[in-house]
Amino acid sequence: MPSTTEQTIYLSDYKEFSHFIDGVELTFQLSPTKTRVKSKIHFRPNPKAPEQAFFLHGEHLKLISAHIDGVKISPTLTETGLTAEVPNGPFIFEAEVEISPETNTALEGLYMSNGMYCTQCEAEGFRKITYYPDRPDVMATFKVRVESALPVLLSNGNSGTSDEGFAEWHDPWPKPAYLFALVAGDLIAHTDSFTTKSGKDVALNIYVRPGDEDKCAFGMGALKRSMRWDEDVYGREYDLDIFNIVAVDDFNMGAMENKGLNIFNSSCVLASPETSTDANFERIEGIIAHEYFHNWTGNRITCRDWFQLCLKEGLTVFRDQQFTGDMRSHAVKRIDDVITLRARQFREDNGPLAHPVRPESFVEINNFYTATVYDKGAEVIGMLKRLVGDENYKRALDLYFGRHDGDAATIDDWLKVFEDTTGRDLTQFSKWYSQAGTPRLSVTDEFSDGTYILHFKQATPPTPGQPVKDPRVIPIAVGLLNPNGDEVRETCILEMTEAEQSFRFTGLSTKPIPSILRAFSAPVILERQSSTKERAFLLAHDTDPFNKWEAGRALAKETLVAMLTADAPVNSDFLDALAAVLRDENLDPAFQALALALPSQDDIAQTLFDVGVTPDPMAIYTALETLSQSIAQHLQDLLPRIYAANHVEGPFSSEAAPAGKRALQGAVLGLISRLDGGDQARAQYTAADNMTQQLQALACLLRIDRGQTELASFETQWAQDRLVMDKWFGLQSGLAAPQKAAAITETLTKHAAFDWKNPNRFRAALGGLTANTAGFHAADGAGYKLVADWLIKLDAANPQTTARMSTAFDSWRRYDAGRQGQMIEQLKRIQATPNLSRDTHEMVTRILGSDA
Ligand code: BES
Ligand code: ZN
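This write-up is about the structure you can find in this document. Along every chain, residues carry numbers that run from 1 in the direction the sequence is written. Here chains are named by letter from A upward and ligands by number from 1 upward, in the order in which they appear as written. In keeping with the predicted nature of the model, local features appear solely for residues at pLDDT of at least 70, side-chain atom pairs appear and are counted solely at 80 or more, and the whole-chain, interface and lining totals rest on all residues. Just so you know, side-chain values use all the structure's heavy atoms and leave hydrogens and water out.

Describing the pairing of strand S16 (residues 182–185)
And step 1. Every second residue of S16 is oriented toward a common face, with Leu-182 and Ala-184 on one face and Val-183 and Gly-185 on the other, all of them buried.
And step 2. Two elements, strand S11 (residues 116–120) and S16, share two bridges in a ladder whose sense is antiparallel. If you follow Cys-118 over to S16, its bridge partner there is Val-183.
And step 3. Strand pairing is defined by DSSP finding a minimum of two bridges between the two strands. In this description a helix means any DSSP run of H or I spanning at least four residues, a strand means any run of E spanning at least two, and both kinds are numbered starting from the N terminus. Alignment of strand S13 (residues 152–155) against S16, held across four bridges, turns out to be antiparallel. Its bridge partner being in S16, Ser-155 is matched across the sheet by Leu-182. Burial here depends on accessible area, computed with a 1.4 Å probe over protein chains only, as a share of the maximum for the residue type. Under 20% is buried, over 50% is exposed, and the range in between is partly exposed.

Below, the structure is given as structure tokens:
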């Protein structure tokens, strides 16, 4: 059983807090093990709140003293907080508590990382700092005084008085406690400024540890692009005199949107050509945008309760996706996002952890920062935009910002804004928020007398707690092509609302080839019987870049499934189609790289399971190897030419065009390495002046098991760079041959640089193994056991990261009885660990389900 009592929280139990807060004053006297936090909170009764005792959250706090209106009180203390008798009218509550940031390895609340003080309060970390109503619907203005001898002392809002040993901050915008932040350390600022549309000057700083100051320029540029974009596209200006970003090495997540003081995992902000890949640059730009965009979608308008998390996260992911599309390529971004959605969210939706975008209950809220809330939450907004149109979307957003600025809002508020803007009834649409599971959309067609009809059926499989599903509103983007390749009907949106529905197109001279679900217009699994010929035709001719890519992906999957289930040879039509894509000089190299990439092992396993076949991880691995080898051989004359043609001259630029060329070169290098024993990769490794190409080459060599020399030289070269060494760890566990993966990972965990309490390092080594599908699922169970051992160890220090990583086991139902038994055994071993955290206990219990 977990250490703290497990209590399920229900959306339907929501009730307002007993009081409003008119202001909070906090003083921090920082010390590694004895930090004093003094609070002064101005409470005023909330006349609308139901009758309740006065309760403040508080966990692991040592209460020194408490006062109400200056009179000392002795409140009742429990594991989770404090109750007290309070006056009927307004009153001032004061407390002094002691906390120990240095021993806080959970990285939640106030903690230390490399001598620096840092906070993480979302979702419920503020209660580990002081007694407070730690819930997002209680908003207040904060004045903060930080006392410490450290040179840089930061908190939210605008800066006030400061001198040797202290700094004061004032945040004029009322905010919930989860947006509170404090940082103190020996840090260096990379500074810049931004002038908003209305002429306000904003000071911008990125604070980093000494030595990292040369890795801030890109992040700063990304911040300024984000600020401009939010003004141009959403009409949203920044609202303080200063915007600070701090990089910290020990961080559970990617980054956090604290008001005016964003805190970033250093891996998500520090960038340089020598140490960061193109993928890193794109991720950094996207995450800086994401956290910045939260200033309006999250901070100015926050969530009433944590069940509404997708109100801020789904919308902000949607916005950062739009931003990246505008900065780079919409086509490539859409394909990347769908790959991620399928890999993470479809997996979640089809397993024991399936839950609605707006969940109805939770034990530990940290376990609900999921692909469903984030990525499906963003998809739902994309569908809404498609259904109401771009103009109405813009009007609805303006209404949302106008109506709810300063509010702690709900998904119902959000939908109401769209209903009021368009007059549409969104009752059925709202099921996308309340019902879990990925709809299966099957389609057949017929043609006669110039009329073409598409017949659709939708069905959503049962998910935990939701056996029966209602039909959804599904926007299906469709275009029609003539057999000669011309588009005869441009993209239109078919609005499906019934379980079965047909749509007709008239006035056609020949039977068209349909391009269905263009741009992936809804997060569904499209089931359509189609010929290799038709898929190859769409890959060659579709005007919709997503469906063009999708046709190639479907061909690859069909080939692999046939190889695995019918012992079929590699489909040569697929190989010819790939060659045609590579030869087409009108295509974006980034797109060609995506077309060349094969589906992941996990994707194939999921696909097989969906059609009733038990996946064999080793067979999938082998089939992918065979297919890659066939592709390499089939394209061998073409590959050196493509590789040379995509060489990028001149100084490194992280922009989309050169990054796309490098991506294609990397994909081609992977194939060439299968033919030349690694000569070309070794040459690229030696010549590389940037991490993208160095890492590509090393990965190619490791995949053919010829990278030992380069692995060692890479370690020597980068031993002092934490973020690059994470790559070194991750590559080895991630690319190890299946039979060796667990042993190699175990060796990595004995490496002097394996700092298991650092989440980035832990994720690199162990997460590399769980992402190495055939390695993790090796038949002897060594992968399962090693991961479980480490999860048990990490749980005592860092429950949040442990719980997230336990999802590696959520696919157990897919596999054969032997693997199922081994995975269940490890899950039960984790579950039975004494003092297991509530976080991990909830996860493994849900993963096991009731029938394990
Ligand atoms: N608010 C979250 C950070 C967070 C997540 C805090 C979970 C506490 C618990 C932040 O805005 C976020 O969503 N970060 C993402 C990256 C983003 C680009 C999707 C992250 O950290 O992975
Ligand atoms: Zn977010």
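Regarding the site of ligand 1
And step 1. Among the 15 residues in the neighbourhood of ligand 1, the closest are listed as Glu-122, Gly-254, Glu-257, Glu-291 and Tyr-374.
And step 2. The term polar contact refers here to a pair of N or O atoms within 3.5 Å; inside protein, the definition further demands a hydrogen-donor-capable atom paired with an acceptor-capable atom, and it admits residues adjacent in sequence only when both atoms are side-chain atoms. Here Ala-255 contributes a backbone N or O atom positioned 3.2 Å from an oxygen atom of ligand 1.
And step 3. Tyr-374 places a polar side-chain atom, nitrogen or oxygen, 2.7 Å from an oxygen atom of ligand 1.
And step 4. Elements represented by at least two residues in the shell around ligand 1 include exactly strand S20 (255–256), helix H2 (278–293) and helix H3 (309–327).
And step 5. Sorting elements by how many residues they give to the shell around ligand 1 places H2 first, with three residues.
And step 6. Think of it as three bins: nonpolar holds Ala, Val, Leu, Ile, Met, Phe, Trp, Tyr, Cys and Pro, charged holds Asp, Glu, Lys and Arg, and polar takes everything else, Gly as well. For the shell around ligand 1, a count of residues per class yields six nonpolar, four polar and five charged. If even one non-hydrogen atom of a residue comes within 4 Å of a molecule or strand, that residue is called near it.

Some thoughts on empty space enclosed by the protein
The gaps left among the atoms become clear once a water-sized probe is rolled over them.
And step 1. With a 1 Å grid spanning the protein atoms alone, the term cavity applies to any set of points in which a 1.4 Å probe fits but cannot get out, the term pocket to an open set with protein on both sides within 12 Å along at least five of seven lines, and the term lining residue to any residue with an atom within 4 Å of a point. Grid points are joined across faces, edges and corners, and a volume is the space filled by probe spheres set on the points. Applying the stated criterion across every chain, the model contains two cavities of 30 Å³ or more.
And step 2. If you add up the space inside the largest cavity, you get close to 50 Å³.
And step 3. Taken together, Trp-549, Gly-552, Arg-553, Ala-556, Phe-574, Leu-594, Ala-595, Ala-597 and Leu-598 make up the full set of residues lining the largest cavity.
And step 4. Sorting the residues of the lining of the largest cavity by element identifies helix H10 (545–566) and helix H12 (589–596) as the ones contributing at least two each.

Details of the packing of helix H1 (residues 217–234) against H3
And step 1. Axis definition: a line fit to C-alpha positions, over the contact stretch in the case of helices; interaxial angles, taken between N-to-C directions, run 0 to 180 degrees. Closest axis-to-axis distance for the H1/H3 pair is 11 Å, and the angle between their directions is 105 degrees. The pairing of H1 with H3 is recorded here as roughly perpendicular in orientation. Residues Ala-222, Arg-225, Ser-226, Trp-229, Asp-230, Val-233 and Tyr-234 of H1 lie in contact with H3, whose contacting residues are Phe-318, Arg-319, Gln-322, Phe-323, Asp-326 and Met-327.
And step 2. Looking at side-chain class alone, the contact of H1 with H3 contains seven nonpolar, two polar and four charged residues. Should an angle fall under 35 degrees it is taken as roughly parallel, and over 145 as roughly antiparallel, whereas 65 to 115 is taken as roughly perpendicular and any remaining angle as oblique. In what follows, residue pairs with any heavy atoms lying within 4.5 Å of each other are defined as contacts.

Regarding a negative patch on the surface
And step 1. Like-charged residues are merged into a patch within 9 Å and nonpolar side chains (Val, Leu, Ile, Met, Phe, Trp, Tyr) within 5 Å, provided each residue has over 30% relative accessible area and no salt bridge. In short, Shrake-Rupley with a 1.4 Å probe defines the accessible areas, and a residue's cover is counted only from the protein chains shown. Definition used for salt bridges: Asp or Glu carboxyl oxygen within 4 Å of a side-chain nitrogen of Lys or Arg. Just so you know, the count uses Lys and Arg for positive and Asp and Glu for negative, and it drops His and the chain ends. Charge positions come from single atoms, namely NZ of Lys, CZ of Arg, CG of Asp or CD of Glu. A cluster of like negative charges, contributed by Glu-213, Asp-214, Glu-274 and Asp-689, occupies part of the molecular surface.
And step 2. Positionally, Glu-213 belongs in the loop between strand S18 (201–208) and H1.

Everything listed here is a matter of geometry and, on its own, says nothing about what the molecule does.
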